Amino acid sequence: MNYEHRVQEFYDSALHCYQAIMGDRWHHGDPDALAVGLPRLRACEILEERIVALTGLRAGGRAIDFGCGIGGPTLHMSKVTSASFVGVSNNERLNTIARDKAQKLGMSNDVTFSTLDDLGYKNLPFPDGSFDAATFYESVCHVPDKAALFAELARVLKPGGRLGGMDWIQRPFGEHQTDDQIMQFMGPVNEAISIPWHGTVESYKQLMEQAGLEVRVAQDLYPGVRCWSTVQDDETPAWETYQGPEQQMFRRGEEALAAARRAGVFTIGMWVAVKPAR
Ligand SMILES: C[S@@+](CC[C@H](N)C(=O)[O-])C[C@H]1O[C@@H](n2cnc3c(N)ncnc32)[C@H](O)[C@@H]1O
């Protein structure tokens, strides 16, 4: 079984758990919004608004959201920009829920959801220069061939179009400086949450540059501090006591992630890159 298929099956199991605990947004919220006490889902919307604004997407534009989950971020970005979106993922069960949500919101004409084959990200089914913007929220981490994905996202962008997104990454922190020390914490996260390898702020930047993009933003969203957001306060008990399909796996994943956060080696990054105009 290729790694991508393992991830596809992981999301079949994760659907119940993730929806129950995280609603329709499966990514971290904006750190500043969380710091002033806003609820997690509002903080997620704020980060989506921030990233989509940095892509410069305008009303009437067209964008692709890679790894769209059950569509919460995709629909919100379309709502705030009045641009149309295609959400893509490799999981039809998730996309069915996302389409249903779009229909209930009366947004089906503006936001569609497409299911890719497991390796479809290496050959996206869109012509060159199809989109004004491309976005990703905590999805690239699951992809083994991140270089191929960024090359494809660059290909489908119009000249002058922008890629913006955020993702799980790793970094040296405190006494954990070497690869071995970092992997002691990140290895169990990779295993439990079906992540082939975590990049860094710099490695994503380099992959985007190799794809021909000019990187304008490449930052750690928790520079110099542990990445706790509100997960520690609000959600850890829900993860630790979660009951449902594959509950041991999700509890184990939460424990591994909490250990990596505590060690400081887990964080989230944000990037914005532009495809040079011809
Ligand atoms: C953590 S979820 C994030 C969902 C959404 N972006 C959000 O923030 O709510 C990761 C997403 O990446 C998608 N994904 C993982 N590997 C993929 C692949 N090889 N091709 C397409 N989508 C993939 C999963 O199906 C899932 O929708």
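The structure reproduced in this document is the subject of the present report. For every chain, the first residue of the written sequence is number 1, and numbering continues from 1 onward in sequence order. In keeping with the predicted nature of the model, local features appear solely for residues at pLDDT of at least 70, side-chain atom pairs appear and are counted solely at 80 or more, and the whole-chain, interface and lining totals rest on all residues.

Re the nonpolar core
- One nonpolar core equals one set of buried Ala, Val, Leu, Ile, Met, Phe, Trp, Tyr and Cys residues connected by C-beta atoms within 7 Å. Residues are called buried when their C-beta atom has 20 or more other C-beta atoms within 10 Å, exposed when it has 12 or fewer, and partly exposed otherwise; all C-beta atoms are positioned from the backbone. Counting residues in each nonpolar core, the largest one holds 74 residues, and the members touching the most others are Ala63, Ile64, Ala134, Leu153, Val189, Met208 and Ala260.
- A total of 6 residues in this core trace back to one element, the largest contributor, which is strand 7 (residues 266-274).
- Not counting residues up to four positions away in its chain, the partners in contact with Ala134 are Ala63, Ile64, Phe66, Leu153, Val156, Leu157 and Leu163. Numbering of helices and strands runs from the N terminus; a helix is a DSSP stretch of H or I covering at least four residues, while a strand is a stretch of E covering at least two. In this description, a residue-residue contact is defined by the distance between C-beta atoms placed from the backbone, which must lie within 7 Å.

A word on helix 1 (residues 3-22)
- Multiply 1.5 Å by the residue count of a helix minus one, and that product is the helix's expected span. When the terminal C-alpha atoms of helix 1 are compared, their 25 Å separation across 20 residues is substantially less than the 28 Å that a helix rising 1.5 Å per residue should span.
- Throughout, bend refers to the angle between the axes fitted to the seven residues that end at a position and the seven residues that start at it. Its maximal kink placed at Ala14, helix 1 deviates by approximately 50 degrees.
- Packed against the buried residues of helix 1 are helix 5 (92-104) and helix 10 (247-263).
- Where helix 1 terminates, the next one or two residues include Gly23, which has phi positive at roughly 65 degrees.

So, the sheet that holds strand 6 (residues 214-220)
- Any two strands are treated as partners once DSSP identifies two or more bridges connecting them. The strand order 3-2-1-4-5-7-6 describes an open sheet built from 7 strands, whose pairing is mixed. A single partner strand is all that each edge strand has here, and the edge strands are strand 3 (111-115) and strand 6. This sheet shows a mean twist of 15 degrees between the axes of neighbouring strands, independent of strand direction.
- Note that strand 6 and strand 7 share 6 bridges and pair antiparallel. Residue pairing across strands places Gln219 opposite Met270, the latter belonging to strand 7.
- Angles run from 0 to 180 degrees between N-to-C directions of axes, and those axes are lines fitted to C-alpha atoms, restricted for helices to the stretch in contact. Together, strand 1 (62-66), strand 4 (131-137) and strand 5 (157-170) form the strand contacts of helix 6 (residues 146-156), whose direction differs from that of strand 5 by roughly 150 degrees.
- Where helix 8 (residues 201-210) meets the sheet, its contacts fall on strand 5, strand 6 and strand 7, and the angle it forms with strand 6 comes to roughly 165 degrees.

Considerations on the site of the ligand
- We call a residue near a molecule or strand when the C-beta position, derived from backbone atoms, sits within 6 Å of it. Around the ligand, a shell composed of 23 residues is seen, among which Trp26, Gly67, Gly69, Ser89 and Ser139 lie nearest.
- Among the secondary structure elements, those contributing two or more residues to the shell around the ligand are helix 1 and helix 4 (72-81).
- No other element matches helix 1, which puts 3 residues into the shell around the ligand.
- Ten residues, namely Ala, Val, Leu, Ile, Met, Phe, Trp, Tyr, Cys and Pro, are considered nonpolar, four, namely Asp, Glu, Lys and Arg, are considered charged, and the remaining ones, Gly among them, are considered polar. Residue composition of the shell around the ligand, by class: 10 nonpolar, 9 polar and 4 charged.

The values reported here are purely geometric and, on their own, carry no functional implication.
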